[in-house]
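Tertiary structure, described
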Amino acid sequence: QVHLVESGGGLVQAGGSLRLSCAADRHTFSTRALGWFRQAPGKEREFVGCTIWNGARTSYADSMKGRFTISRDNAKNTVYLQMNSLKTEDTAIYYCAATISYYGVPSDKRSEYGYWGQGTQVAVSS
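A brief structural summary. Just so you know, these numbers come straight off a predicted model, no measurement behind them. (Residues numbered from 1 in each chain as written. Predicted model: local features only at pLDDT ≥ 70, side-chain atom pairs only at ≥ 80, totals over all residues. Heavy atoms only, no water.)

Evaluated as defined, the whole model comprises 1 disulfide. Covalently, Cys22 is tied to Cys96 through a disulfide, its sulfur atoms 2.0 Å apart. Judged by the sign of its S-S torsion, about -75°, the cystine formed by Cys22 and Cys96 is left-handed. Placement of the pair is Cys22 in strand β3 (residues 18–24) and Cys96 in strand β9 (residues 92–99), with a sequence separation of 74 residues. One exposure class covers both Cys22 and Cys96, and it is buried. The thiol of Cys50 is unpaired, and the distance to the nearest cysteine sulfur, on Cys96, comes to 11 Å. Given the relative accessible area of 0%, Cys50 is considered buried. (Disulfide = S-S within 2.5 Å. Helix = DSSP H or I, 4+ residues; strand = E, 2+ residues; numbered from the N terminus. Buried < 20%, exposed > 50% of the residue type's maximum accessible area, 1.4 Å probe, protein only.)

What follows is the structure, encoded as structure tokens:
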């Protein structure tokens, strides 16, 4: 079964940085795309970025480019979301998700992700 555990959320001041982690089981990490999504109160869950099964490609929402970066540690079966220059509008619950399909291309569609972690709260204060 797919197991995803997010961590690293917390309270940070605007302009600061935070790194989130998503620890996956080995099989998921090496076969499915892993994406980051976020959801703020009253808003739809939105795509942040993703990395494909072998880490050869990453993709980001346009609004995240230049501030957010996804990286991987294969030895730890973990993907990271480095968030810099945080803004109050970045406040949300951040979720790690895995695609239903194996060995797929990058996707920003929620429907492509069938497995979700419990989320980690990020709160950015002014």
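On to the pattern of salt bridges, then. What the rule picks out here adds up to 6 salt bridges. A salt bridge links Asp90 to Arg38; the nearest nitrogen and oxygen atoms lie 2.8 Å apart. Taken together, the positions of Asp90 in the loop between β8 (78–83) and β9 and Arg38 in strand β4 (residues 34–39) put the pair 52 residues apart, joining distant regions of the chain. Judged by its relative accessible area of 8%, Arg38 falls in the buried class. The partner of Arg110 in a salt bridge is Glu44, with the nearest N and O atoms 3.0 Å apart. Of this pair, Arg110 sits in the loop between β9 and β10 (113–116) while Glu44 sits in the loop between β4 and β5 (46–51), placing them 66 residues apart in sequence. For Arg110, a relative accessible area of 39% puts it in the partly exposed group. Residue classification places Glu44 among the exposed positions, given a relative accessible area of 58%. The network of salt bridges with common partners includes Arg38, Glu46, Arg67 and Asp90. (Salt bridge = Lys/Arg side-chain N within 4 Å of Asp/Glu carboxyl O.)

Quick look at the pairing of strand β1 (residues 4–7) now. Only one face of β1 is buried, namely the one carrying Leu4 and Glu6, since none of Val5 and Ser7 on the opposite face is buried. Examined bridge by bridge, β1 and β3 share 4 bridges and lie antiparallel to one another. Paired with Leu4 across the strands is Ala24, a residue of β3. (Pairing = 2+ DSSP bridges.)

So, about unusual backbone geometry. At Asn77, a position not held by glycine, the phi torsion is positive, near 50°. Here Asn77 shows up in the loop between β7 (68–73) and β8. For Asn77, a relative accessible area of 15% corresponds to the buried category. Of note, the phi angle at Ser85 is positive, near 50°, even though the residue is not glycine. On the secondary structure map, Ser85 appears in the loop between β8 and β9. Look at Ser85 and you get partly exposed, because its relative accessible area is 41%.

Per the stated rule, a full pass over the model turns up 7 aromatic pairs. Seen from their ring centres, Phe37 and Phe47 are 5.6 Å apart, and the 75° between their planes marks the pair as edge-to-face. Residue Phe37 is located in strand β4, and its partner Phe47 is located in strand β5; the two are separated by 10 residues in the primary sequence. Taking relative accessible area as the criterion, Phe37 reaches 0% and is therefore assigned buried. Directly above the ring of Tyr80 sits Arg19, whose terminal nitrogen or CZ lies 4.2 Å from the centroid. When the ring centre of Tyr95 is taken as origin, the NZ or CZ atom of Arg45, which lies over that ring, is 3.8 Å away. (Phe/Tyr/Trp six-rings, centres within 6.5 Å; stacked < 30°, edge-to-face > 60°. Lys NZ or Arg CZ within 6 Å of the ring centre and 35° of its normal.)

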